[in-house]
Amino acid sequence: MAALAAANTSVIEGNRSNVDEQLRLYHSYVAKEDQSEAAAERVELGSIDNGKAISREMGLKPGAPMPSGAYMRSHVVGFKVVKASPDQVTMWLLVGRKLGLGPLRPLGPVRAY
C-alpha cells in the first residue's frame, strides 16, 4: 500500500515537468518485469495531455515551462482497500491536489487512516 500511495504523490515545480514526474513514478514503482517501452510511451503521452490541463487550470500557457514559484503537488489523503492478497492489493485512493503560483510550503504531518 505504501508504494501505491507513494506512486500517487508528486510535485511538479521548476524544471520538473508532469512528463518527468510521471515517468519517474512509472520507472520507480512498476516492477521491472512489468515495464515496457509501449507502456512508458502511453504514460508519457497521457502526462503531456494532463500537464497541459494543469497549466490551463493555473492560467498558464500549455506546454510552456512553469514560472518561478509555480507548482502542483498531489498527495494521498485517504484510501479504501478493495481486495488484498499476500502479494498485491487493489484499492481506491483519494488524492488531494494543490496548484500554486507562490513558494511551495511544507505539507506538514501525514496521518495514516
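Heads up: the structure comes first, above all this text.
No experiment lies behind these values; they were computed from the predicted model shown.

1. Things to note about helix H3 (residues 37-57)
So, point 1. Compared with the 30 Å implied by 1.5 Å per residue over 21 residues, the 30 Å span of H3 between its first and last C-alpha is a close match.
So, point 2. Of the residues making up H3, those classed as buried are Ala-39, Ala-40, Ser-47, Gly-51, Ile-54 and Ser-55. Along the axis of H3, the buried positions cluster into a sector of 135 degrees, meaning they face one direction only. Opposite the buried face of H3, by more than 90 degrees, sit the exposed residues Arg-42 and Arg-56.
So, point 3. As for H3, its buried residues are in contact with strand E1 (10-13), helix H2 (18-29), strand E2 (71-85) and strand E3 (88-100).
So, point 4. Downstream of H3 by one or two residues, Gly-59 has phi in the positive range, about 80 degrees.

2. Remarks on the packing of H2 against H3
So, point 1. Interaxial distance between H2 and H3 falls to 8 Å at its minimum, and their mutual angle equals 145 degrees. In terms of crossing hand, the pair formed by H2 and H3 is right-handed. Residues Asn-18, Val-19, Gln-22, Leu-23 and Tyr-26 of H2 form the contact with H3, whose participating residues are Ala-39, Ala-40, Val-43, Glu-44, Ser-47, Ile-48, Asn-50, Gly-51 and Ile-54.
So, point 2. For the contact of H2 with H3, a count of residues per class yields eight nonpolar, five polar and one charged.

Basis of the calculations
- Residues numbered from 1 in each chain as written.
- Predicted model: local features only at pLDDT ≥ 70, side-chain atom pairs only at ≥ 80, totals over all residues.
- Heavy atoms only, no water.
- Helix = DSSP H or I, 4+ residues; strand = E, 2+ residues; numbered from the N terminus.
- Expected span 1.5 Å × (residues − 1).
- Buried < 20%, exposed > 50% of the residue type's maximum accessible area, 1.4 Å probe, protein only.
- Arc of directions from axis to C-beta.
- Contact = heavy atoms within 4.5 Å.
- Axes fitted to C-alpha atoms, helices over the stretch in contact; angles between N-to-C directions.
- Left-handed = near helix turned anticlockwise from the far one by under 90°.
- Nonpolar A, V, L, I, M, F, W, Y, C, P; charged D, E, K, R; others polar.

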